[in-house]
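Summary of the model geometry
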Amino acid sequence: MTDPHLASNSPRSPWREAWRRLRQNRLAVSCGGILIAIVLACLIGPLVTGQTIETQNLDLGATSPSAQHWLGTDPLGRDLLTRILSGGRVSLAVGLTATLVSLLIGVAYGATSGFLGGRADAIMMRIVEILYALPFIILVIILIVVLEPVFKLPRMAWLVSLFGGEGQIKLVVLFMVIGAIEWLTMARVVRAQVMTLRQQDFVSAALALGVPKWKIILRHLVPNCLGPVIVYSTLTIPAVMLLEAVLSFLGLGVQAPFASWGSLIQEGADNMETRPWMLVFPALFFSSTLFCLNFLGDGLRDALDPKAER
Amino acid sequence: MIRFLYNRLWQSIATLFAIITVTFWIIQAAPGGPFQSERAVSPHIREQMLAAYGLDRPPFAQYTHYLGNLLKGDFGLTTKYEGWTVLEIIGGAFPISLQLGLLGMAFALTFGLPVGIIAAARKNSAADWLPMSISMLGICLPTFVMGPLLALGLGLKLNLFNVAGWYGWSDRVLPSLTLGLFYAAYIARMTRAGMLEVLSRDFVRTARAKGVSETAVLLRHSLKIGLTPVIAFLGPAMAGMVTGSFVVENIFQVPGLGQHFVSAARNSDYTLLLGVTVFYATLLVSANVVVDMLQAWMNPRVRLES
Amino acid sequence: MRFLTALAGLGLILTLLGLTACSRHDSRARKAAREGILLVGNGTEPKSLDPHIASGVTEHHLIITLLEGLTSDHPVEESVVPAAAARWEANDTLDEWTFHLRPEAKWSNGDPVTAQDFVWAYQRLLTPSLGGEYAAMLYLLKGAEAFNKGETTDPQSIGARALDPLTLRLTLVGPTPYFPSMLTHYAWFPVHPPTILAHGKIDTRASRWTHPGNFVGNGPFTLKTWRFKHLIEVVRNPHYWDAATVKLNGIRFLPIDNIPAEERMFRDGQLHLTETVPLDKIEHWRTKQADSYYENPYLAVYFYRINVTHPQLKDPRVRHALSLAIDREAITKNIMKAGQSPATGLVPPVAGYTGPGLVKFDPVEARRLLAEAGYADPSTFPRFDILFNVSESHRTIAEAIQQMWNKNLGLNVGLNSQDWGVYLDAQQRLDFNVSRAAWTADYPDPMTFLDMWTTGNGNNMTGWSRPEFDALIAQARTIRDTSERFTVLKEAESLLLQDMPVIPLYIYVRNYLVSPAVTGWHPKLLDSRPWKHVGLQVDPPSPHTP
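Residues numbered from 1 in each chain as written. Chains lettered and ligands numbered in written order. Predicted model: local features only at pLDDT ≥ 70, side-chain atom pairs only at ≥ 80, totals over all residues. Heavy atoms only, no water.

Strand-to-strand pairing in sheets goes through backbone hydrogen bonds, with the strands running parallel or antiparallel. All names here are of chain C. With mixed pairing, the four strands of this open sheet are ordered in space as β1-β10-β9-β8. The open sheet terminates on both sides in strands that have one partner only, identified here as β1 (37-41) and β8 (221-227). Averaged over all pairs of adjacent strands, the angle between their axes in this sheet comes to 20°, without regard to strand direction. By the bridge criterion, five bridges tie β1 to strand β10 (residues 250-254) in an arrangement that is parallel. Note that in β10 the partner of I37 across the bridge is G250. (Pairing = 2+ DSSP bridges. Helix = DSSP H or I, 4+ residues; strand = E, 2+ residues; numbered from the N terminus. Axes fitted to C-alpha atoms, helices over the stretch in contact; angles between N-to-C directions.)

Spelled out as structure tokens, the structure:
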């Protein structure tokens, strides 16, 4: 058992310690393995199924799983496996990018606000409130309408090609919009945590010793709220993926014929009684990813906890 | 305390004003406008329709006019559902959303809190991962899947509750359950994380060393502090919950407030969208004040600051 | 610890108990049938119940229960029957019509229905400051357009005159043989002037007169309850002149905008009549429960607009190539599957009219035309987009057509789904390449599908303009004889299809569910619903099972 304050004050060994603890957590390790497998399948899979996401067979229509189409087809006769795997690329990309963005902004903002306190905190939190209350849907509509022509400019072509061509412009806009919205709750959670921490002895001690404020935030406060932050991040990833699904449902998400897990589940939900495979398989991929992310997150949390008692 | 409330009141008013202003100008920037229909309306008729609502004036004049009316408590008329005032619509829909939100939250708390606390106390045991896995279902299955599944299973197969509508008590169950399951999962996870954080602190060890019973450690010593992040989450969640959920309302045909946030935005129903935004913002701002006070009460080291 | 587990368990048990206490027993539809009340899924919340403000089909279904026009739809056939007017006659040139009102017709407050009420109603809809969206429907009346545009302020200049309290004379701008069938639209319905004036001025838009307790109508039912986005209930109107015919005691309209939820409610015994059927459930209902399933022709066409000002799409050969490359049969048979028929022209078969039938599927010819237009190598054809508003079926069709154009022509086509407002805006500003559209007939005549393509018509939205076409439409408006008129209209349609500013895709059907408890239900081409002939039987022959 290490002294908690000593551990958090000496940032040399904790990472290696954490990695060692993580490896001991068999559940977390196997979840990590499954996640890697899913990511690899999504990256490579669409190239080897011999189908493209848009290859249609109207005469075939929606069929249940068969030797030809392992996970069945949708009403346009498209291979579901290919669509799920390539949809995974979109969903994972949206989930990870937006979460990362929200993590960076949210933690920095929340920690600063919570640590500074007083007037600065009040102003920063009121700004969060304002952003919270803005009507989200119309914001998305406007951002898409405003940003789409910008991305269609010839000099933005390189950026668009980076994301896979003109069909994906909406998706890029979506990344930005979701990332810009999702950090709000993160900031509140971190702020609350920092406020309880900052009254603790080690912070007062650091302040008394004349350690610069930003260093205190970065070195002492942020590592100490990693627990809730990681848990909240593992909650943000599904939230973002679902938000993308709801936006796809409203036509503001991924653009057809491309798909995402969210849009596939949405489509499957409409067909759940007559073509259950259209719901079951995308949902299976989606939830196993979320389960694994979640247990991996728990493992990370425990491993990074400087006070862990293992 | 009084000073805190007084300061927060002024801050809240400033925040609300900023929200109204930003929303108003965002809406002005949106493409299209009210009175759109698939069939073209000749330009002079469209002008007449706009003039009937004062929408033919310059935007700034509309803005000051709107603010002036708002101060008088007049939220205006909707442009989409003519003959209804925005206040009537909110007044009719909010009690329904409130009821649904409270039922859902009650369900989420009765399920989420104990599960989270037990999971934290019995970390890495079956009592931890089994309920936590089940609670993950609430997150993994989006409401637009969970809702129809519950409707088909509990409604049509088992014939227990009505599948949709909002007329009798049998209609209330499925939407509250769907809404609650989603939040229960969140609450359980955040409770578990918050509790774990506290349980590793010195004073808990001291208490245990002194021979305080495990239940007392959990409930009397740790719960208040462990719930800090949950409370931070609950404030906005509560405001969101009682103002309705678009998806749940749509699936179960509940005439609540949530649908208006989406449909008013899509119909360019400016006044209604502004009205529900102002209403939601007021709730949100008050919820945040309550949360700040709760956090101070639960964790005396956090002082109330203005 | 044990205490906590017990607490959680208790919570769970209490919840379950509470839930079971809320469970139910009798089906709502059966209970309502016993009370003679019809439960109807009505799609969306109406914009208004004021016939001069409303627009749309949802509103039509409601307003015809509350108000009655001079004529109304025949309960079974595709024709009109006398309603507020007992009889009528026209002059030789069919541009002056005289209607004789029923002396026994009354408003729901007991006042007699007079010719002056009609005249006042038309004057109200045409008043510029009211901003009535359907004012243009009344432009058929002489002087109406000038009055509505503010060129004159004299209401006497409108061609509607009350010769005496029971005689109404309408003077039209030209011969209109199908005039009586146009009068079933609520734009032509009367309103009760004292009621409207009691709640505002003649041009008050958001008036409260349409609310329960205020509404005074002359229809078979009166307004009892209106809860916003929740429920509208109408009950039998004792003052209605034909109250003896009315079978129902009331109708409850539920604005259900989620299609799968509506079907679940029907199965759950909460509705007698649905607005539609989810796409994936059609097969099930058609084969397994055919007694509840209806599939009726509907006077509407689904098509794609082409922006003819687009640098590549302005070439008619390209437009023809696009049309010829679409396998419409594959769309209706494999995707829609609900009984729609592939379009052979823009005008669906109506009232004895058959179109020139120029639209077909021929990929070889399509390829040839594209090469002829200078795109022997289709990869040199710039990418363009199909614009559509968000909806699963629009998206599916667009995805299929995208593939057909790619496979049959080698073109690289993008999809652009937009929110409703953005979509309408883009269409009106001609800011699109190809755009999804649909048109529902206002009245059962080919004219309703053709006059929109004249130069400067607000619904044209393609940039297409042909003086010859305009001349043919103008000529058709002056012809009395139906078959002669149809010949001219057919010529106009051929001209349109030769230039192909629009690509017709399929003719609609309406699919919906009707409980076996409902009697006297007869589907109509324009989905008009003669509610007063509909009834309910308490014990239907084959009881509804979910």
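Taken together, the contact pairs 64 residues of chain C with 64 residues of chain B. Between chain C and chain B the total buried area reaches about 5800 Å² when both faces are included, carbon and sulfur atoms providing 57% of it. The tally of links from chain C across to chain B stands at three salt bridges. Across the salt bridge formed by E88 of chain B and R208 of chain C, the nearest N and O atoms sit 2.4 Å from each other. Put simply, chain C and chain B have 14 residue pairs in polar contact (both at pLDDT 80 or more) between them. (Contact = heavy atoms within 4.5 Å. Buried area = accessible area lost by both parts, 1.4 Å probe. Salt bridge = Lys/Arg side-chain N within 4 Å of Asp/Glu carboxyl O. Polar contact = N/O pair within 3.5 Å; in protein donor to acceptor, adjacent residues only side chain to side chain.)

Turning our attention to helix α6 (residues 136-152) of chain A. With 17 residues, α6 of chain A should reach 24 Å at 1.5 Å per residue; the first-to-last C-alpha distance of 24 Å fits that figure. Taken residue by residue, α6 of chain A has F136, I137, I138, L139, V140, I141, I142, I144, L147, E148 and F151 of chain A as its buried positions. (Expected span 1.5 Å × (residues − 1). Buried < 20%, exposed > 50% of the residue type's maximum accessible area, 1.4 Å probe, protein only.)

So, on to the packing of helix α4 (residues 80-116) of chain A against helix α8 (residues 169-198) of chain A. Residues and elements named next belong to chain A. Running from N to C, α4 and α8 point in directions that differ by 35°, and their axes come no closer than 5 Å. Seen from above, α4 lies across α8 with right-handed handedness. Partitioning the contact of α4 with α8 into residue classes produces 20 nonpolar, seven polar and three charged. (Left-handed = near helix turned anticlockwise from the far one by under 90°. Nonpolar A, V, L, I, M, F, W, Y, C, P; charged D, E, K, R; others polar.)

Moving on: the pairing of strand β11 (residues 293-306) of chain C. All names here are of chain C. For β11, the buried fraction is high: eleven of the 14 residues fall into the buried class. As paired elements, β11 and strand β16 (residues 502-513) share ten bridges and run antiparallel to each other. Note on β16: the bridge partner recorded for P297 is V509. Here β11 pairs with strand β15 (residues 434-440) via seven bridges, running antiparallel. Following the sheet pairing, V301 is matched in β15 by W439.

All names here are of chain C. Phi at K229 is positive, roughly 55°, even though this residue is not glycine. One can find K229 in the loop between β8 and β9 (231-236). The backbone of M461 shows a phi angle near 50°, a positive value even though the residue is not glycine. Looking at the secondary structure, you find M461 in the loop between α15 (447-450) and α16 (467-476).

What follows concerns the packing of aromatic side chains. Pairs of aromatic rings are described using the distance from one ring centre to the other and the angle between the two planes. All names here are of chain C. Applying the stated criterion across every chain yields a total of 42 aromatic pairs over all chains. Ring centres of Y375 and F381 lie 4.6 Å apart, and the angle between their planes is 65°; this geometry places the pair in the edge-to-face category. Pair check on accessibility: Y375 and F381 agree, each one buried. Measuring from centroid to centroid gives 5.9 Å for Y512 and W521, while their planes differ by 75°, and the two rings are edge-to-face. In this structure Y512 comes out as buried when scored by relative accessible area, which is 2%. Three or more aromatic residues joined by ring pairs form one cluster here, namely W88, W97, F99, F118, Y122, F179 and W188. (Phe/Tyr/Trp six-rings, centres within 6.5 Å; stacked < 30°, edge-to-face > 60°.)

Residues and elements named next belong to chain C. Taking strand neighbours across the sheet as the criterion, the four strands line up as β4-β5-β7-β6 in an open arrangement whose pairing is antiparallel. Looking at strand neighbours, the two that pair on one side only are β4 (85-90) and β6 (160-164), the edges of this open sheet. Neighbour to neighbour, the strand axes of the sheet diverge by 20° on average, direction disregarded. Along the sheet, helix α4 (residues 115-126) makes contact with β5 (96-101), β6 and β7 (167-171), crossing β6 at roughly 165°.

In regions of low pLDDT, the predicted coordinates are not meant to be interpreted in detail. Here chain B averages 83 in pLDDT, and 97% of its residues register 70 or above. For this predicted complex, the interface score ipTM comes out at 0.86, alongside a pTM of 0.87. (pLDDT = per-residue confidence, 0-100.)

This part is about the pattern of salt bridges. Any two side chains of opposite charge can pair if their charged atoms end up close together. One pass over the full model with this rule turns up 39 salt bridges over all chains. Where E399 of chain C meets R78 of chain A, a salt bridge forms, and the shortest distance between an N and an O atom there is 2.9 Å. Taken together, the residues E399 of chain C in helix α13 (residues 392-409) and R78 of chain A in the loop between α3 (26-48) and α4 connect one chain to another. Residue classification places R78 of chain A among the buried residues on the basis of a relative accessible area of 1%.

Residue and element names in this part refer to chain A. Among the residues of helix α9 (residues 201-208), those classed as buried are F202, V203 and A206. Relative to the axis of α9, the buried residues are bounded by an arc of 100° and lie together on one face. Away from the buried face of α9 by more than 90 degrees, exposed residues D201 and A208 are located. Where α9 terminates, the next one or two residues include G210, which has phi positive at roughly 85°. (Arc of directions from axis to C-beta.)

Every contact between the two is made by 27 residues of chain A and, on the other side, 26 residues of chain C. Carbon and sulfur atoms make up 45% of the surface buried where chain A meets chain C, a total of about 2100 Å² over both sides. Taken together, the links from chain A to chain C amount to four salt bridges. Of the charged contacts in the structure, one is a salt bridge between R267 of chain C and E273 of chain A, with a shortest N-O distance of 2.7 Å. Counting the contacts that link chain A with chain C gives eight residue pairs in polar contact (both at pLDDT 80 or more). Of all the secondary structure elements, the ones that give two or more residues to the side of chain A that touches chain C are α6 and α12 (261-270) of chain A. When residues in the side of chain A that touches chain C are grouped by element, the largest group, four residues, is from α6 of chain A. Broken down by class, the residue content of the side of chain A that touches chain C amounts to nine nonpolar, six polar and twelve charged.

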